[in-house]
Amino acid sequence: MNGVRDHVSIVIPVWNQWEMTRACLESLAPTLRPGDQVIVVDNGSHDDTAAGLARFPFVTTIANATNRGFAAACNQGAALATGSTVVFLNNDTLLPDHWLDGLLAPFADAAVVATGPMSNCVSGAQLVAHADYDAASPSSFRAFARAWRDEHLGRASDAARLVGFCLAVRASALRSIGGWDERFETGGAEDDDLCLRLIEAGGRLLICHDSFVHHHGHATFDGNNLDWFAIQQRNVTRLIAKHSGQANMPRDASAPLLSACLIVKDEEALLPGCLHALRGVVDEVVVYDTGSSDGSVALARAAGATVVQGYWDDDFGRARNAALAHCAGEWVLHVDADEVFDGDATAVRTALERAGVDALALEIVNLGGDGRNDVSHRACRMFRRALFQWQGRLHEQVIHRTLGAAYEFGVLDGGRLIHSGYTPDRIAAKGKAERNIRIAGLDAAPDVDRDPVEKLLNLARSYMLGNRSEEALALFAQARSLHCDSLPCRRTLYRTAAQLCLSIGRPESALAWIDDLAQVSEATDVVRYLRGSAYVELARWTEALQAYDGLIEARDDDGIVLPGFIVHRHRARCHFMLEAWDEAADTSAAVATGAACDEQVWPILVESCQRTGRDIAAFLHAVPDSRMAAIFAQLAHLPAAIAHEFLEGLVDQPRYRANALALAIRLAPTMDVELAVRWSARLRDVGLAAQCPLVRKARDDSQPPDARILAAVAARVVFNDARAAAAIPSVCSAFDVAQRDDVLKQIQDLDPEAAENYLANGVESAKQM
């Protein structure tokens, strides 16, 4: 081999299958360098293995009378190892030139404790699915391995799991965790257990893409007539039991039950509230700081958290896993600084101690910023630390370290997370739109191992966040054309695209996406919710009501919950437009008296109440004072007669008087002279003469001239307001001569003695025109 490296110890457990072992050793020999050590542990073979091994002078042999299992054989070999790195190798492998170079190079980084190669036959991320060579032809295999190495030279990626068919482990790290667990039967899952413990100890695992090793796969099991699948499944059960505190492995009562795990950067405004809410719920808090320049680190330490100084590289999954590596709890709760845990601590801890599953989903309430547009969803945020990790740069997901993404989880009923991170002000303050677009773009690269539809979906949602709707729609359309096996992913695609179309005024396009969503949904609430919203935008009132029939809130198959007040608001509008006044009053009242009390339903409620003879004050009574001004502001565009009747019923009640007067000022242009006199008196009584409706009408160029002069005369007569009198000549000049007698009569009715004086200049001027 070329280059300088420390010598290595290679441990090969065998059990019969001599021809496989011979081929492995023959391919291995030319790749060794002086000082390398090869230890073969013969686990009770009864074929030609013992005699054959004697013909390889570079091999040190350990002979067992019976098969002690793969893990025990590995420990036996490791006990004799002298190298700084121990490579555990199956005997059904073939080794090309330079296979060790790629595996050993990463150990220059002290954080790396284990590496593994790529292969033609292996589970997980180490698999090369289409390895194009003839394993029976050494030259074909070597040519493929050489080309593969040249193409991937120096490439490595972090992993949470490496397969033990070929596994290089730092000898000191192996000793520190106590070696292999020999309780696993024959072989299977002990490599997963080893990797989990290496990670728990703070180590880093890497897949070395430039090292390729051929693996026959299950040769020892098949050759000895063992049901490898059944053995593997029993060992997986043992693995889960071991790392979940079950099956005669009781949890250490002195160890933390629950760790809270956060990644933060410049979160001093929200972090104290987040940490305070965790008191009494968790046993420890680990904060992984990605480069704060504010007081976040000091606040976290003052609250008793363990702070890890980390870095940010546009990869949420990596950062979360780095935080996870410093947790000690059996369970982990992942939260963000802009989230507050809301729940009963006793109920949560009881649920964890009795949990029949290894992961739990929590309800996450995403605040809309206005107190009513909150959207809830469920996500796996609480899980057994040893069994799970995060995957993905953006919109990262929790995956099982051993079983991949497929696992079952329960729902935590005792707590939820309140998330304020996507309110409009937080999005702007933290630059989240630009950040998400950048990260989603990196994640969408062809060499990123992620579902293509998921990549496009994440990028499209990021463009939505940045109000780049057309680009988002183009990506949604592209994703729609691709195959996707994941029903949750497809539902998210169709639902999100429909919501975007509705938000930008394209209800017909939304209906097409909603039809797609209906095809992949068992729960119909969200489909009906969205379909009804599209019909409302299309003024198809009856169809919208049919879609909404019986719908209170909308929850889909994936735990998404959309705000129910929108259903009531839309139903109210439909009933109103269909002139079903009682139903309009009932449905609008459901919104007006709830959390969304200042939503735009009050014009419907006020008019419906007046048409049905209901007392609007009964509904206003339920509204907090802080919302009253917003409600009255909605009513400026009511039909004038209805608006004035509403005001007359409330102006003398102290609680509503100020808001009623403010609305009257806005309605001044719609008042006749008699009504304007009445409201002018009320406004003057409270010191608001400057807002006198009579003066405002007299000065309003948009009003008819006769209305203006009558308002001016009334202001002069009733309130002796010089401002109105000064406007009279200019208003009079606007009259046609034919209007003179009619206008003069109206003025004389108001002020008989001074009528001619009012009109002298203005009307005479009109005569001369």
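Asker: Help me get a handle on the overall build of the chain, residues and values and all.
Answerer: Within the chain one finds 35 helices and 21 strands. The buried share of the chain, reckoned over its 769 residues, is 53%. Of the contacts made within the chain by residues no fewer than 6 positions apart, 70% connect residues no fewer than 24 positions apart.

Asker: Quick rundown of the packing of helix H18 (residues 487–503) against helix H19 (residues 507–519)? Include the residues and the values.
Answerer: Running from N to C, H18 and H19 cross one another at 165°; their axes reach a closest spacing of 8 Å. By the angle between their axes, H18 is roughly antiparallel relative to H19. Of the two possible hands of crossing, H18 and H19 adopt the one that is left-handed. Across the interface between the two elements, Arg 491, Leu 493, Tyr 494, Arg 495, Ala 497, Ala 498, Cys 501 and Leu 502 from H18 touch Pro 507, Ser 509, Ala 510, Trp 513, Ile 514, Asp 516 and Leu 517 from H19. Partitioning the contact of H18 with H19 into residue classes produces 11 nonpolar, one polar and three charged.

Asker: Describe the nonpolar core, listing the residues and the values that go with them.
Answerer: One broad trend across soluble globular proteins is that nonpolar side chains are buried collectively. Ranked by size, the top nonpolar core spans 114 residues in total, and within it Phe 383, Phe 476, Trp 602, Phe 632, Phe 646 and Leu 647 carry the most contacts. Here the element with the most residues in this core is H18; it accounts for eight residues. When neighbours within four sequence positions are excluded, Phe 383 is seen to be in contact with Leu 324, Glu 330, Trp 331, Val 332, His 334, Asp 358, Ala 359, Phe 388, Trp 390 and Val 398.

Asker: Before we move on, can you summarise unusual backbone geometry with the specific residues and values?
Answerer: Phi angles above zero are rare outside glycine, and Asp 314 is one such case at about 60°. Within the fold, Asp 314 resides in the loop between strand S12 (306–309) and helix H12 (316–324). On the basis of relative accessibility, which here comes to 11%, the residue Asp 314 falls in the buried class. Even without a glycine there, the phi angle at Asn 720 is positive, about 50°. The topology assignment puts Asn 720 in the loop between helix H31 (705–719) and helix H32 (722–726).

Asker: Outline the packing of aromatic side chains, supporting the account with residue identities and numerical values.
Answerer: Inspection of the entire model under this criterion finds 18 aromatic pairs. Ring geometry for Phe 88 versus Trp 180: centroids 5.1 Å apart, planes at 80°, classification edge-to-face. Remark: Trp 180 occurs in the loop between helix H6 (171–176) and helix H7 (190–200) and Phe 88 occurs in strand S4 (residues 85–89); sequence separation between them is 92 residues. Residue classification places Phe 88 among the buried residues on the basis of a relative accessible area of 0%. Here Trp 180 falls in the buried class, since its relative accessible area comes to 3%. A ring pair is formed by Tyr 133 and Phe 141, whose centres lie 5.3 Å apart and whose planes are at 50°; its orientation type is tilted. Here the aromatic residues Tyr 133, Phe 141, Phe 144, Trp 148 and Phe 212 are joined through ring pairs into a cluster of three or more. Against the face of Trp 390 rests Arg 320, its NZ or CZ located 5.0 Å from the ring centre. Its guanidinium or amino end placed over the ring of Phe 719, Arg 684 lies 4.4 Å from that ring's centre, counting from NZ or CZ.

Asker: Outline the environment of Leu 196, supporting the account with residue identities and numerical values.
Answerer: With respect to the element layout, Leu 196 can be found in helix H7. Considered as a pair, Leu 196 and Arg 385 are 189 residues apart in the sequence and their alpha carbons are 9.8 Å apart.

Asker: Mind laying out the environment of Trp 541, listing which residues take part and the relevant values?
Answerer: You can see Trp 541 is positioned in helix H21 (residues 541–548). Taking the C-alpha atoms as reference, Trp 541 lies 7.7 Å from His 575; in sequence the two are 34 residues apart. When residues no more than four places from it in sequence are discounted, the contact partners of Trp 541 are Val 536, Arg 573, Cys 574, Met 577 and Leu 578.

Asker: Kindly report on helix H20 (residues 525–537), identifying the contributing residues and their values.
Answerer: Along an α-helix, a turn takes 3.6 residues, which lines up residues three or four apart on a common side. The end-to-end C-alpha separation of H20 is 19 Å, in line with the 18 Å expected for 13 residues at 1.5 Å each. Where the residues of H20 are buried, they touch H18, H19, H21, strand S20 (554–555), strand S21 (561–562) and helix H22 (565–577). Once H20 ends, the next one or two residues include Ala 539, with phi positive near 60°.

Asker: Would you mind going over the side chain of Ser 296 in detail, with residue names and values included?
Answerer: Mapped onto the fold, Ser 296 is located in helix H11 (residues 296–302). For Ser 296, a relative accessible area of 1% puts it in the buried group. A polar side-chain atom of Ser 296 sits 3.2 Å from the main-chain amide nitrogen of Glu 268. Setting aside anything within four residues of it in sequence, one finds Ser 296 in contact with Asp 266, Glu 267, Glu 268, Leu 271 and Asp 289.

Asker: Could you give an account of the confidence of the model for the chain, naming the residues involved and the relevant values?
Answerer: The predicted model of the chain has a mean per-residue pLDDT of 85, with 87% of residues at 70 or higher. Per-residue pLDDT stays below 50 along residues 245–253; that stretch engages in 13 contacts with residues further than four places along the chain or on separate chains. Note that pLDDT drops below 50 for residues 761–769; the model gives that stretch 11 contacts with residues more than four away or on any other chain.

Asker: Which residues make up the environment of Asp 615, and what values go with them?
Answerer: As for its position among the elements, Asp 615 is in the loop between helix H24 (602–612) and helix H25 (617–620). Since its relative accessible area comes to 52%, Asp 615 is described here as exposed. Of the polar contacts made by the side chain of Asp 615, one reaches the backbone nitrogen of Ala 617; its length is 3.0 Å.

Asker: An account of the pairing of S4 is needed here, citing residue identities and associated values.
Answerer: Of all five residues that make up S4, five are buried, and the element is covered over most of its length. Burial along S4 is two-sided: the residues Thr 85, Val 87 and Leu 89 and Val 86 and Phe 88 are all buried. For strand S1 (residues 8–14) and S4, the ladder comprises four bridges, and the chain directions are parallel. By the bridge assignment for S4, Val 11 is matched with Phe 88. As defined by bridge partners, S4 adjoins strand S8 (residues 166–170) across five bridges and the pair is classed as antiparallel. In the sheet register, Phe 88 faces S8, and the bridge partner there is Leu 167.

Asker: Outline helix H5 (residues 138–152), supporting the account with residue identities and numerical values.
Answerer: The terminal C-alpha atoms of H5, which comprises 15 residues, lie 21 Å apart, in line with the 21 Å expected from a rise of 1.5 Å per residue. Taken together, the buried positions of H5 are occupied by Phe 141, Phe 144, Ala 145, Trp 148, Arg 149 and His 152. End-on, the buried residues of H5 take up no more than an arc of 130°, which puts them together on one face. Pointing more than 90 degrees away from the buried face of H5 are the exposed residues Asp 150 and Glu 151. On its buried face, H5 sits against strand S5 (93–94), helix H4 (99–104), strand S6 (112–119) and strand S9 (204–215). Looking at the residues trailing H5, positive phi occurs at Gly 154, about 80°.

Scoring rules and cut-offs
Residues numbered from 1 in each chain as written. Predicted model: local features only at pLDDT ≥ 70, side-chain atom pairs only at ≥ 80, totals over all residues. Heavy atoms only, no water. Helix = DSSP H or I, 4+ residues; strand = E, 2+ residues; numbered from the N terminus. Buried < 20%, exposed > 50% of the residue type's maximum accessible area, 1.4 Å probe, protein only. Contact = heavy atoms within 4.5 Å. Axes fitted to C-alpha atoms, helices over the stretch in contact; angles between N-to-C directions. Parallel < 35°, antiparallel > 145°, perpendicular 65-115°, else oblique. Left-handed = near helix turned anticlockwise from the far one by under 90°. Nonpolar A, V, L, I, M, F, W, Y, C, P; charged D, E, K, R; others polar. Core = buried A, V, L, I, M, F, W, Y, C linked by side-chain atoms within 4.5 Å. Phe/Tyr/Trp six-rings, centres within 6.5 Å; stacked < 30°, edge-to-face > 60°. Lys NZ or Arg CZ within 6 Å of the ring centre and 35° of its normal. Expected span 1.5 Å × (residues − 1). Polar contact = N/O pair within 3.5 Å; in protein donor to acceptor, adjacent residues only side chain to side chain. pLDDT = per-residue confidence, 0-100. Pairing = 2+ DSSP bridges. Arc of directions from axis to C-beta.

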